[in-house]
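Residue strings, one per chain:
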Amino acid sequence: MPLSQDHIPSSRWPLTAQDLGLIALGFTLYWLAYEFHELLLPYVAYAQGVELLFLPAGIKLVMIMVGSWRGALGCGLALLSLSPRFWPDLALSWQLGYAALSVGMTWLVVGWMFRRKALGSVLEGLSFWDVVQIDAINTVLHGVAINGYFWSLGLRSSETVWPSALAMALGDFLGTGVVMLLMLVAARFLVPATR
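Read on for an overview of the structure. (Residues numbered from 1 in each chain as written. Predicted model: local features only at pLDDT ≥ 70, side-chain atom pairs only at ≥ 80, totals over all residues. Heavy atoms only, no water.)

**Some remarks on the side chain of H142**
Then, number 1: By secondary structure assignment, the location of H142 is in helix α5 (residues 128-152).
Then, number 2: Judged by its relative accessible area of 6%, H142 is buried.
Then, number 3: Residue contacts for H142: discarding those within four places in its chain leaves K60, S102, M105, T106, M168 and D172. (Helix = DSSP H or I, 4+ residues; strand = E, 2+ residues; numbered from the N terminus. Buried < 20%, exposed > 50% of the residue type's maximum accessible area, 1.4 Å probe, protein only. Contact = heavy atoms within 4.5 Å.)

**A closer look at the packing of helix α2 (residues 55-67) against helix α4 (residues 92-116)**
Then, number 1: Where α2 contacts α4, the two axes come as close as 10 Å, and the packing angle between them is 50°. What the angle tells us is that α2 and α4 run oblique. Between α2 and α4 lies a crossing whose hand is right-handed. Across from K60, L61, I64 and M65 in α2, the residues of α4 making contact are S102, V103, T106, W107, V110 and F114. (Axes fitted to C-alpha atoms, helices over the stretch in contact; angles between N-to-C directions. Parallel < 35°, antiparallel > 145°, perpendicular 65-115°, else oblique. Left-handed = near helix turned anticlockwise from the far one by under 90°.)

**Topic: helix α1 (residues 17-44)**
Then, number 1: Under the 1.5 Å per step criterion, the end-to-end length of α1 is 38 Å for 28 residues, consistent within 8% with the ideal 40 Å.
Then, number 2: Lining the buried residues of α1 we find β1 (45-47), β2 (50-51), α2 and α3 (69-86). (Expected span 1.5 Å × (residues − 1).)

**Looking at the layout of surface pockets**
Then, number 1: One number sums up the size of the largest pocket: a volume of about 350 Å³.
Then, number 2: Taken together, 17 residues line the largest pocket, and the ones lying closest to its centre are F128, V131, V132, M180 and L181.
Then, number 3: Elements supplying a minimum of two residues to the lining of the largest pocket: α2, α5 and α6 (161-190).
Then, number 4: When its residues are assigned to classes, the lining of the largest pocket shows 13 nonpolar, three polar and one charged.
Then, number 5: Of the voids in this model, the second largest pocket is the one considered here, and its volume is about 240 Å³.
Then, number 6: Of all the elements in the fold, those that place two or more residues in the lining of the second largest pocket are α1, β1, β2, α2, α3, α4, α5 and α6.
Then, number 7: Here the lining of the second largest pocket takes three residues from α1, the largest share from any one element. (1 Å grid on protein atoms, 1.4 Å probe; cavity = no way out; pocket = protein on both sides within 12 Å on 5 of 7 lines; lining within 4 Å. Points joined across faces, edges and corners; volume = space filled by probe spheres on them. Nonpolar A, V, L, I, M, F, W, Y, C, P; charged D, E, K, R; others polar.)

**Focus: the environment of Q18**
Then, number 1: You can see Q18 is positioned in helix α1.
Then, number 2: When its relative accessible area of 55% is taken as the criterion, Q18 is described as exposed.
Then, number 3: The spacing of Q18 and L96 is 78 residues in sequence and 25 Å in space, taken between C-alpha atoms.

**Regarding the packing of aromatic side chains**
Then, number 1: For the coordinates displayed, the defined rule picks out eight aromatic pairs.
Then, number 2: Their ring planes at 40° and their centres at 5.4 Å tell us that Y98 and F150 sit as a pair that is tilted. With Y98 in helix α4 and F150 in helix α5, this pair connects stretches of sequence that are 52 residues apart. Of the two residues, Y98 and F150, neither departs from the other in class, the shared state being buried.
Then, number 3: Overall, the relative accessible area of 0% leaves F150 in the buried class.
Then, number 4: Pairwise contacts between aromatic rings join Y34, F54, F86, W87, W94, Y98, Y149 and F150 into one cluster. (Phe/Tyr/Trp six-rings, centres within 6.5 Å; stacked < 30°, edge-to-face > 60°.)

As structure tokens, then:
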């Protein structure tokens, strides 16, 4: 489960091939989703760093739900590598803070919801409505935290923090919905039907 000490490597436990694979998968999927997202940017942009449909949010949520800290690390590294594209004047330390806050908020929400719903490490008992609830809570808290961070850096005025936070929450929620729908469609074609 996310946030469990059993799943966080210590100095005694080196990273395994599975850990590295999940980190690389999170990085690659997030990066590819953002590359595709840039094609949509003219149609979904709301404000700098806020889109009304943001597909990488869905990748981040899925990778953290499936890969825990490894998914968070992979997505965080991808976000850090991409953030100079949309925040070119932001210092590297502030971009690092942004990436850490973005994945950290999702990781905390997923861990909290998994514990609250008593979901196992292989997601047994996870329902469609659990995913919707996790996504809704995550996107609202993430939108508020990120736009509060932007406000603290002077990148958002006090008048635009709440509208931007709500727009970001909507974009992340819709982006996650699209990713989940694509996963469902892919599963229908890739996984043979059992009779």
